[in-house]
Amino acid sequence: MRLRVFEAATGQQALARMREALGPEAIVVATRDTENGVRVTAAVETHDPDLRAMLDPSARNAVVERIGDALRAQAVPPPLSERLLARVRETGLDDPVLALADALGRLGAFATAAEGLPDRLALIGPCGGGKTAAVAKLAAEARLAGARPSVASLDTRRAGGVARLRSLLEPLGVAVERCEDPQQLGGRSVTERPEIVDTGGLNPFSGRELATLATLLSQLGQEPVLVLPAGLDPADSGEIAANFAALGVSRMIVTKLDMARRFGGLLAAVDAGLRPCRASIGPAVGSALLPLSPASLARLLLGGSEAVAETSS
Ligand SMILES: Nc1nc2c(ncn2[C@@H]2O[C@H](COP(=O)(O)OP(=O)(O)OP(=O)(O)O)[C@@H](O)[C@H]2O)c(=O)[nH]1
Ligand SMILES: [Mg+2]
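Residues numbered from 1 in each chain as written. Chains lettered and ligands numbered in written order. Predicted model: local features only at pLDDT ≥ 70, side-chain atom pairs only at ≥ 80, totals over all residues. Heavy atoms only, no water.

Peer 1: Describe the sheet that holds strand β7 (residues 195-198), and please don't skip the residues or the numbers.
Peer 2: Here eight strands make up an open sheet; going across it, the order is β6-β5-β7-β4-β8-β9-β10-β11 and the pairing mixed. The open sheet is flanked by β6 (176-178) and β11 (290-291), the only strands paired with a single partner. Sheet analysis places strand β10 (residues 275-279) next to β11, joined by two bridges and oriented antiparallel. The residue of β11 that forms the bridge with A279 is L290. Of the strands in this sheet, β4 (120-124), β5 (150-153), β7, β8 (223-229), β9 (251-255) and β10 touch helix α6 (residues 131-144), which is tilted by about 165 degrees from β7. (Pairing = 2+ DSSP bridges. Helix = DSSP H or I, 4+ residues; strand = E, 2+ residues; numbered from the N terminus. Contact = heavy atoms within 4.5 Å. Axes fitted to C-alpha atoms, helices over the stretch in contact; angles between N-to-C directions.)

Peer 1: Can you explain the confidence of the model for the protein? Please cite residues and give values.
Peer 2: Taken over all residues, the pLDDT of the protein has a mean of 92, while the share at 70 or more is 96%. Taken together, the stretch residues 305-313 has pLDDT below 50 and engages in eleven contacts with residues farther than four places along the chain or on a different chain. (pLDDT = per-residue confidence, 0-100.)

Peer 1: Go over the site of ligand 1 with me, naming the residues and quoting the values.
Peer 2: Near ligand 1 you find 18 residues, and of these K131, A133, R164, D258 and S280 are the closest. Between ligand 1 and G129 there is a distance of 3.1 Å, counted from an oxygen atom to a backbone nitrogen or oxygen. Take T132: an N or O atom from its main chain is 2.8 Å from an oxygen atom of ligand 1. Of the residues forming the shell around ligand 1, the biggest block, three residues, is contributed by α6. The residue makeup of the shell around ligand 1, split by class, is five nonpolar, seven polar and six charged. (Near = heavy atom within 4 Å. Polar contact = N/O pair within 3.5 Å; in protein donor to acceptor, adjacent residues only side chain to side chain. Nonpolar A, V, L, I, M, F, W, Y, C, P; charged D, E, K, R; others polar.)

Peer 1: Give me the nonpolar core: which residues, what numbers.
Peer 2: In terms of nonpolar packing, the biggest core is built from 55 residues, with I67, L104, M252 and L267 touching the most fellow members. Looking at this core, you find at least three residues from each of domain 2 (51-107) and domain 3 (120-312). Setting aside anything within four residues of it in sequence, one finds I67 in contact with L85, V88, P96, A99, L100 and L302. Counting 23 residues, the second largest nonpolar core, distinct from the first, contains L123, A140, V162 and I196. (Core = buried A, V, L, I, M, F, W, Y, C linked by side-chain atoms within 4.5 Å. Buried < 20%, exposed > 50% of the residue type's maximum accessible area, 1.4 Å probe, protein only. Domains from an automatic or database assignment.)

Peer 1: Lay out the domain arrangement of the protein in plain terms, naming residues and giving numbers.
Peer 2: Per the domain assignment, the segments making up the protein are domain 1 (2-44), domain 2 (51-107) and domain 3 (120-312). Its C-alpha centre places domain 2 at a distance of 31 Å from the equivalent point of domain 3. Listed by partner, the interface residues are 19 residues for domain 2 and 18 residues for domain 3. For the pair domain 2 and domain 3, the two sides together bury roughly 1400 Å², of which 72% comes from carbon and sulfur. Considering only the side of domain 2, the residues that lose the most area to domain 3 are Q74, V97 and L104, jointly responsible for 38% of the buried surface there. At the surface where domain 2 touches domain 3, the tally comes to one salt bridge. The partner of R83 in a salt bridge is D271, with the nearest N and O atoms 2.6 Å apart. Linking domain 2 to domain 3 there are four residue pairs in polar contact (both at pLDDT 80 or more). Elements with a minimum of two residues in the side of domain 2 that touches domain 3: α3 (57-73), α4 (78-91) and α5 (96-107). With seven residues, α5 is the largest single contributor of residues to the side of domain 2 that touches domain 3. Residues belonging to the side of domain 2 that touches domain 3 are distributed by class as follows: 15 nonpolar, two polar and two charged. (Buried area = accessible area lost by both parts, 1.4 Å probe. Salt bridge = Lys/Arg side-chain N within 4 Å of Asp/Glu carboxyl O.)

Peer 1: Provide a residue-level description of the packing of helix α10 (residues 234-246) against helix α11 (residues 264-271), including the pertinent values.
Peer 2: The contact between α10 and α11 brings their axes to 7 Å, and the two run at 30 degrees. As judged from the angle between their axes, α10 and α11 are roughly parallel. Relative to α11, the crossing made by α10 is right-handed. Contacts between α10 and α11 pair P234, S237, G238 and A241 from the former with G264, G265, L266, A268 and A269 from the latter. Looking at the contact of α10 with α11, its residues break down into five nonpolar, four polar and no charged. (Parallel < 35°, antiparallel > 145°, perpendicular 65-115°, else oblique. Left-handed = near helix turned anticlockwise from the far one by under 90°.)

Peer 1: I'd like to hear about a nonpolar patch on the surface, residue by residue, with values.
Peer 2: On the surface, a nonpolar cluster with roughly 400 Å² of combined accessible area is contributed by M1, L3, I27 and V29. With respect to the helices, strands and loops of the structure, M1 is situated in the segment before β1 (2-8). Its relative accessible area of 53% is what places M1 among the exposed residues. (Patch = residues over 30% accessible without salt bridge, like charges linked within 9 Å, V, L, I, M, F, W, Y side chains within 5 Å. Areas by Shrake-Rupley, 256 points an atom, 1.4 Å probe, with all protein chains shown as cover.)

Peer 1: So, unusual backbone geometry: which residues are in play, and what are the values?
Peer 2: A cis amide bond links R193 with the next residue in sequence, P194, at an omega value of 0 degrees. Tracing the chain through its elements places P194 in the loop between α8 (182-187) and β7. A positive phi angle, close to 55 degrees, is found at A75, a residue other than glycine. Mapped onto the secondary structure, A75 falls in the loop between α3 and α4. Of note in the backbone geometry, K256 takes a positive phi value of approximately 60 degrees without being a glycine. By secondary structure assignment, the location of K256 is in the loop between β9 and α11.

Here it is in structure tokens:
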């Protein structure tokens, strides 16, 4: 109940003002004649908060349970789930998306949408992970923004590696420079930005191939960015991400979200120290790489595959 006072020359005018301000549900509590006319005290019902429901401890448990169920369904490794749930319990936020987003924000660093990706980058990662498609998407995005990207490829060991990227970028009028090694790549004078480099795929569990990558990274002027599919087994994904983190890689583009039904692998990679910068949903060059934030990841985890379908349409 809230009280308000209205004064006017006549009672009718005071009542009209009251209705205008408080609506038809207002009721008159008292009227009094004054020197200038009439003074009406009116009341309007306010909806009191349901304190009992707000203080009910089981309401908080319901949020924890909902998030716990989602993390299980997403095949998030149990120790990682427990850490996320401990944070959800600690903050006591009532909204599942906000509560999970907060916990994810604590789990690892996320690049902000504005920060995005470096403007000189080399995409690296497991065979078939989506590096070449991501290079093409980044180049297309730059063209759309009116920039003239520089694109080069170090994927020369395999027949057709460079040709595929060329075929993807030809319609955009973007040339692809073939570079046999990092010396040739570094020897060019490139002023265009962004500068995007494609590389050949590797076996992320092979010590020999990781050692070759480490040598390559020590010779690159561009920041290496891991390209990792979202639907990998969580233990594999965490191990792959940890191997790349050990080589000094800190950012990743997550691909093939549309081909994943569980995102525990993505979370395991974030937990291993890789910052998710962008997400690829579908192979088409025209489908943009979307930013990934703790909130969007929380929605993805709570909404599952339906959320991906929504985002991609
Ligand atoms: N559904 C889906 N397919 C994708 C996505 N990104 C890439 N692909 C497809 O996955 C396949 C492999 O992608 P590439 O871009 O060639 O992967 P890569 O990492 O360059 O592969 P290598 O150079 O052989 O190591 C291709 O058929 C792509 O069209 C994605 O986000 N969703
Ligand atoms: Mg490739």
